[in-house]
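This is what each chain is made of:
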Amino acid sequence: MKKITLLTIIGLFTSCNSSAQKTETKEKETFTITKTEAEWKAQLNEKQYYVLREAGTERPFSSPLNKNYKKGTYHCAACNTPLFKSEHKYDSKSGWPSFDREIEGNVAFGTDTKIGYTRDEEHCATCGGHFGHVFNDGPKETTGKRHCINGDALIFVASEE
């Protein structure tokens with residue numbers, strides 16, 4: 001009986017080492033625009049730096065871009081790369097600006113396991129700045145995707161119409 005109990009305890013400890021707890025070693029991506037952390041800190045405000053360079057998350061409903069429905073394009077706040085078009089923005093009621101698609105080639109994707117489960121992370125293909133995550137709970141009549149983006153990672157450029 002003691003052996004069974006001991007084996008059960010050992011089995012429990014070894015099975016608790018899930019893949020979410022393992023740190024992945026991934027190759028360092030290279031980007032067209034690279035700067036030192038000091039240069040990014042000098043260029044970005046505190047909130048932008050936290051989101052874009054430290055992969056932080058702003059508080060929900062805190063961004064004025066969440067309720068912005070003017071015509072234009074949303075650009076990366078770090079390098080001005082166009083990322084999302086206003087015609088693809090919608091109110092997901094999540095508290096963050098949401099889009100059903102990105103401007104292809106300008107947004108890159110990776111895997112994020114920081115909170116214990118796997119999410120699809122989005123970052124700038126030009127400078128590597130973190131934007132947010134993409135989920136499969138978007139509008140079914142379009143792409144089915146919800147690009148949930150931190151407003152602090154974006155600059156809105158209005159159309160000249």
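Conventions adopted
- Residues numbered from 1 in each chain as written.
- Predicted model: local features only at pLDDT ≥ 70, side-chain atom pairs only at ≥ 80, totals over all residues.
- Heavy atoms only, no water.
- Helix = DSSP H or I, 4+ residues; strand = E, 2+ residues; numbered from the N terminus.
- Buried < 20%, exposed > 50% of the residue type's maximum accessible area, 1.4 Å probe, protein only.
- Contact = heavy atoms within 4.5 Å.
- Areas by Shrake-Rupley, 256 points an atom, 1.4 Å probe, with all protein chains shown as cover.
- Polar contact = N/O pair within 3.5 Å; in protein donor to acceptor, adjacent residues only side chain to side chain.
- Pairing = 2+ DSSP bridges.
- Axes fitted to C-alpha atoms, helices over the stretch in contact; angles between N-to-C directions.

1. Examining the overall build of the protein
Then, in step 1: Secondary structure summary: the protein contains 3 helices and 9 strands in total.
Then, in step 2: Looking at the protein as a whole, 40% of its 161 residues are labelled buried.
Then, in step 3: For the protein, restricting intrachain contacts to residue pairs at least 6 apart in sequence, the fraction spanning at least 24 positions comes to 55%.
Then, in step 4: Surface exposure of the protein reaches about 10300 Å², of which carbon and sulfur atoms provide 54%.

2. Quick look at the side chain of S98
Then, in step 1: By the element assignment, S98 lies in strand 4 (residues 98–99).
Then, in step 2: Among the residues examined, S98 registers a relative accessible area of 0% and is labelled buried.
Then, in step 3: Here W96 takes part through its backbone oxygen, which lies 3.1 Å from a polar atom of the side chain of S98.
Then, in step 4: Discounting residues that sit within four places of it in the chain, S98 has contacts with H88, K89, Y90, S92, R146, H147 and C148.

3. Digging into the sheet that holds strand 4
Remark on secondary structure: sheet strands pair via backbone hydrogen bonds, oriented parallel or antiparallel.
Then, in step 1: Read across the sheet, 6 strands follow the order 3-4-8-7-6-5 without closing on themselves; strand pairing throughout is antiparallel. Either end of the sheet is taken by a strand with one partner, and the two such strands are strand 3 (89–90) and strand 5 (107–112).

4. Overview of the sheet that holds strand 1 (residues 72–76)
Then, in step 1: On the basis of which strands lie adjacent, the open sheet formed by 3 strands has the order 2-1-9 and antiparallel pairing. A single partner strand is all that each edge strand has here, and the edge strands are strand 2 (82–85) and strand 9 (154–158). Across this sheet, the average inter-strand angle for adjacent strands is 30 degrees, counted without regard to direction.
Then, in step 2: Taken together, the 5 bridges between strand 1 and strand 9 define a ladder with antiparallel strand orientation. Residue Y74 lies in a different strand from strand 9, and its bridge partner there is F156.

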